[in-house]
Each structure stands twice: as structure tokens, then as C-alpha cells.
Amino acid sequence: MAASGNVVLFDKQGKPTAVPADSPFMQVTDLEGSVGELRLVGLMFGVFDAEAIVSEADAYRLVRLACEKYLQLHPEDTTDVNDLLAKLPA
């Protein structure tokens, strides 16, 4: 990923959006639009020139961990967060 230009990503509602390439991002696997060696397997996290690709299983583990930390600060959202977590693969 280049340090200049824009990257097409998705906002919180799942709509495509463009963000500056030096912004933090997460990119998910595009099974329909990517071919061959360009296909990303897992999830890519990045900011500036640094990128890390993790497996989907590791990404789900990180999401669950982030949700635990979030709920420590916002226990009033427990029901909503748990409903979303229940939709993740085991």
C-alpha cells in the first residue's frame, strides 16, 4: 500500500469510502473482486507505511478483546455489544 493517495475502505455502516492512505485502516478479504496473488487472505490493519495481515480467526479474537476493553469503559452497551459478538463465527 502506498503512503500517498487514497484507499477504498468501508465506513461503520459498511458503505465504501475513501480515506487518506496515512489514516489507520482495516481491510477485509474481497473474495469476489480479487484474483490470484492479489487476494488478501485474512484482514489487513495498517497506518502510514506499516501493515499487518492477520488470519480471520486472529481478527475475531482481537475484535472480542477490543469489545471486552470497550465494555469496561461502557458497561451500558453490554447488550448491544453481546448481540453483535453473537453474530461472529465461533
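Residues numbered from 1 in each chain as written. Predicted model: local features only at pLDDT ≥ 70, side-chain atom pairs only at ≥ 80, totals over all residues. Heavy atoms only, no water.

Undergrad: When you look at the overall build of the protein in this model, what are you seeing that I'm missing?
TA: Across its full length, the protein carries two helices and five strands. Each helix (α) and strand (β) of the protein, taken in turn from the N terminus, gives the series β-β-β-β-β-α-α. Residue pairs in contact within the protein that sit at least 24 positions apart in sequence constitute 18% of those at least 6 positions apart. Put simply, the protein shows about 6,900 Å² of open surface, and 59% of that area lies on carbon and sulfur atoms. (Helix = DSSP H or I, 4+ residues; strand = E, 2+ residues; numbered from the N terminus. Contact = heavy atoms within 4.5 Å. Areas by Shrake-Rupley, 256 points an atom, 1.4 Å probe, with all protein chains shown as cover.)

Undergrad: Could you clarify how one ought to interpret helix 1 (residues 56–73) in this entry?
TA: What sets the pattern is the α-helix's 3.6 residues per turn: residues three or four places apart point alike. Along its 18 residues, helix 1 runs 26 Å from first to last C-alpha, staying within 8% of the 26 Å computed at 1.5 Å per residue. Looking only at helix 1, the buried set comprises Ala59, Cys67 and Leu71. Looking down the long axis of helix 1, one finds its buried residues gathered within 110° of arc, a one-sided arrangement. Exposed and oriented more than 90 degrees from the buried face of helix 1 are Ala57, Glu68, Gln72 and Leu73. Looking at the packing, one finds that the buried side of helix 1 touches strand 4 (43–47), strand 5 (50–54) and helix 2 (78–85). (Expected span 1.5 Å × (residues − 1). Buried < 20%, exposed > 50% of the residue type's maximum accessible area, 1.4 Å probe, protein only. Arc of directions from axis to C-beta.)

Undergrad: Is there a simple way to explain the layout of surface pockets in this structure?
TA: To locate leftover empty space, one rolls a probe as large as a water molecule over the atoms. Estimated volume of the second largest pocket: approximately 410 Å³. If you list the elements that add at least two residues to the lining of the second largest pocket, you get strand 4, helix 1 and helix 2. Of the residues forming the lining of the second largest pocket, the biggest block, six residues, is contributed by helix 1. Residue composition of the lining of the second largest pocket, by class: 11 nonpolar, no polar and one charged. (1 Å grid on protein atoms, 1.4 Å probe; cavity = no way out; pocket = protein on both sides within 12 Å on 5 of 7 lines; lining within 4 Å. Points joined across faces, edges and corners; volume = space filled by probe spheres on them. Nonpolar A, V, L, I, M, F, W, Y, C, P; charged D, E, K, R; others polar.)

Undergrad: I'm lost on the pairing of strand 5 in this one. Help?
TA: Side-chain positions along a regular strand alternate between the two faces of the sheet. As defined by bridge partners, strand 4 adjoins strand 5 across five bridges and the pair is classed as antiparallel. Across the sheet, residue Leu43 finds its bridge partner in strand 5, namely Val54. Counted between consecutive antiparallel strands, the loop separating strand 4 from strand 5 contains two residues, among which Phe48 sits at a positive phi close to 55°. (Pairing = 2+ DSSP bridges.)

Undergrad: Hey, could you run me through the confidence of the model for the protein in this one?
TA: Any region with low pLDDT has predicted coordinates that should not be read closely. Chain-level statistics for the protein give a pLDDT mean of 74 and a share of 61% at 70 or above. Mean pLDDT values over the elements of the protein span from 51, in strand 1 (residues 6–10), up to 94, in helix 2. (pLDDT = per-residue confidence, 0-100.)

Undergrad: Is there a simple way to explain the environment of Ser23 in this structure?
TA: Within the secondary structure, Ser23 sits in the loop between strand 2 (16–20) and strand 3 (25–27). Taking relative accessible area as the criterion, Ser23 reaches 21% and is therefore assigned partly exposed. Distance in space between the C-alpha atoms of Ser23 and Gly46 is 8.0 Å, their sequence separation being 23 residues. Residues in contact with Ser23, not counting those within four places in the same chain, are Gly46 and Val47.

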